[in-house]
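Structural characterization, general
Chain by chain, the residues run as shown.
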Amino acid sequence: MKYAISLLLGLVTGAALFVTGVYHNPFVGNASVSPLAVTNDRVIDLGFSAVPSNGLLHTNNGETTITPYPERVAELWEPAVYDTSVFVTRLESGRGTDAGVGIKFLSKSESTRLLKGQAIANSAWHIYLPGQGTLMIDQTENYWSYLRDIVIPAHLSSGDNWRGTFHRVMTNGPSALGTARVTGGSGLFAGMTSESVELLRAEGYSTRSGPVSMQGNLTLAIPSPAVAQD
Amino acid sequence: MSRVIKTFFLGLVLGAIGAGTLMWKMPAVDLHRESSLVTVQPNGGNVEEFRINLPRDRIMVGLPDPNSSIPAALDWPGQVLLGDMQAELFKIRDRNDTVIGVGSRIASASEASGPFIEWALHFPARGTMYVKLEMTPSEDGVRNGLLMSGTREFAKLSGGLREEFVAAAPDDEESQGRIRLNAMLVGPLGESE
């Protein structure tokens, strides 16, 4: 009997140690410096509040921490879109003025590998900037740092919340340098292909309502022929 | 070292290996997939029909007059920021009327940098398509468009999209009609997709 208990204790301790090692692995996670920080192209910065209720619309399956917004918006409960959310927001220029609107589709990805510190999501932005044109950004994002540094600590906290400073590049592909792919649609962006990255800055998170203080930022590199006004 | 402690360390190693194997083998995400209802064409390309039933598949409508937007509580910026731009969000269905994705349609006829009508179609288990439509529809009301870019399953494909509004039957009081999207896609260098 004592050997069985000893073996069981060993199994539980071994599994717990392994999971702790994966959780605290210092060699995985997101960068905090944008790969576009050294680009020679012109850059457009678009900021937005990542707090869903500060946006125009947010919808998901209705069963997650983040409640769909505004009231009576259709929820994505069907099996094929159950792990998808849609977020619509105003976008601000680097100077803090209204620049346009963006629609973000985000779905969990089957390429997620927790062992490698990869909690991957596929996302696409459909963006309209008045006076400039339209474009689409497609990217993969890694939410591992977000989960490890914000969501799990919030659930472990006695106050069911997290406060701190988080600043990470969320984009990790599909381009080789870990940047997103930008396709211009109309206006000044017509025919353009380029790169972008999405950054997330967070100061507060609640397990009851989700993000409390969180800002997102899209940085787009614009090749010379497509003149940006920002 | 006593046998009890040796057994504990054996369990420790087995526990760590077991946890690692589980994390490696068990998929953390397993997306639901519907079969793609694709018709193969003689040129090696394919045609796939997507449907949007109105009004039940409508998620959002943002109009120049914010008071007319859907849902009613939507705080849409409207004319002041976006001019005559209209933005719509829909659930996308396949030919069997099963929801397989979500899509956005944005349009503006008087945008200073050039008018546009565009779709972004997002299918979680397959990828995303970005399509630009012609401004002028054909005589029978069909609007043709070009695939600007695609991701994952659609990344290497080229082709177009036909948008058509099909009115509801006169005796159908619940429906406002249907948007039918026909994607006609072909792989690189005649590769069948």
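The rules we used
- Residues numbered from 1 in each chain as written.
- Chains lettered and ligands numbered in written order.
- Predicted model: local features only at pLDDT ≥ 70, side-chain atom pairs only at ≥ 80, totals over all residues.
- Contact = placed C-beta atoms within 7 Å.
- Helix = DSSP H or I, 4+ residues; strand = E, 2+ residues; numbered from the N terminus.
- Nonpolar A, V, L, I, M, F, W, Y, C, P; charged D, E, K, R; others polar.
- pLDDT = per-residue confidence, 0-100.
- Buried ≥ 20, exposed ≤ 12 C-beta atoms within 10 Å, placed from the backbone.
- Pairing = 2+ DSSP bridges.
- Domains from an automatic or database assignment.
- Core = buried A, V, L, I, M, F, W, Y, C linked by C-beta atoms within 7 Å.

Moving on to the interface of chain B and chain A. Many structure descriptions define interface size as the accessible area lost when the parts assemble. Facing the 59 residues of chain B at the interface are 60 residues of chain A. Elements represented by at least two residues in the side of chain B that touches chain A include exactly helix H1 (3–25), strand E3 (58–62), helix H2 (79–82), strand E4 (86–93), strand E5 (99–108), strand E6 (116–123), strand E7 (127–133) and strand E8 (143–150) of chain B. In terms of residue count, the dominant contributor to the side of chain B that touches chain A is H1(B) (16 residues). Counted by class, the side of chain B that touches chain A contains 38 nonpolar, 15 polar and six charged residues.

Moving on, we come to the confidence of the model for chain B. On average, residues of chain B carry a pLDDT of 89, and 97% of them reach 70 or more. Scored as a whole, the predicted complex attains pTM 0.90, and scored at its interfaces, ipTM 0.89.

Residues and elements named next belong to chain A. With respect to burial, strand E6 (residues 133–142) is a largely interior element, 10 of its 10 residues being buried. The alternating pattern of E6 places Gly-133, Leu-135, Ile-137, Gln-139 and Glu-141 on one face and Thr-134, Met-136, Asp-138, Thr-140 and Asn-142 on the opposite face, and all of these are buried. Strand direction decides the pairing type here: strand E5 (residues 120–129) and E6, joined by 10 bridges, are antiparallel. Of the residues in E6, the one forming a bridge with Tyr-128 is Thr-134. The antiparallel hairpin formed by E5 and E6 contains three residues in its connecting segment, where Gly-131 sits at a positive phi of about 85°. When E6 meets strand E9 (residues 180–187), the two strands line up antiparallel, connected through six bridges. Counted as the bridge partner of Ile-137 is Val-182 from E9. Note that E6 and strand E8 (residues 171–173) share two bridges and pair antiparallel. Each bridged residue has a counterpart across the sheet, and for Glu-141 the counterpart in E8 is Thr-171.

This part covers the confidence of the model for chain A. Put simply, chain A has an average pLDDT of 90, and 97% of its residues get 70 or more. Across chain A, E5(A) holds the top mean pLDDT of 96, while helix H1 (residues 2–23) of chain A sits lowest at 89.

Another point: the domain arrangement of chain B. Domain boundaries assigned for chain B yield domain 1 (1–30) and domain 2 (36–190). For domain 1 of chain B versus domain 2 of chain B, the separation of C-alpha centres amounts to 50 Å.

With that settled, the discussion passes to helix H2 (residues 144–156) of chain A. A:Trp144, A:Ser145, A:Tyr146, A:Ile150 and A:Ala154 are the residues of H2(A) that are buried. Residues of H2(A) that are buried sit in contact with E6, strand E7 (161–169) and strand E10 (193–206) of chain A.

Attention now moves to the pairing of E9(A). All names here are of chain A. Of all eight residues in E9, seven are buried, a share of seventy percent or more. Pairing of E9 with E10, which is carried by four bridges, proceeds in the antiparallel orientation. Directly across from Thr-183, in E10, lies its bridge partner Thr-193. Between E9 and E10, which pair antiparallel and follow one another directly, the connecting turn spans five residues, one of which, Gly-191, has a positive phi of 80°.

Glancing now at the nonpolar core. The tendency in soluble globular proteins is for nonpolar side chains to be buried as a group. One finds A:Val86, A:Val88, A:Ile137, B:Val102 and B:Val131 to be the most contacted residues of the largest nonpolar core, which totals 92 residues. With seven residues, E5(A) is the largest single contributor of residues to this core. Apart from residues no more than four positions distant in its own chain, A:Val88 is found in contact with A:Gly55, A:Leu56, A:Leu57, A:Val101, A:Ile103 and B:Met60. Ranked by size, the runner-up nonpolar core spans seven residues in total, among them A:Leu11, A:Ala15, A:Phe18 and B:Ala19.

Glancing now at unusual backbone geometry. Residue and element names in this part refer to chain A. Residue Tyr-69 is joined to Pro-70 through a cis peptide bond whose omega torsion reads 0°. Note that Pro-70 resides in the loop between strand E2 (57–59) and strand E3 (84–92). For the peptide bond that leads from Gly-173 to Pro-174, omega is 15°, which places it in the cis range. As for its position among the elements, Pro-174 is in the loop between E8 and E9.

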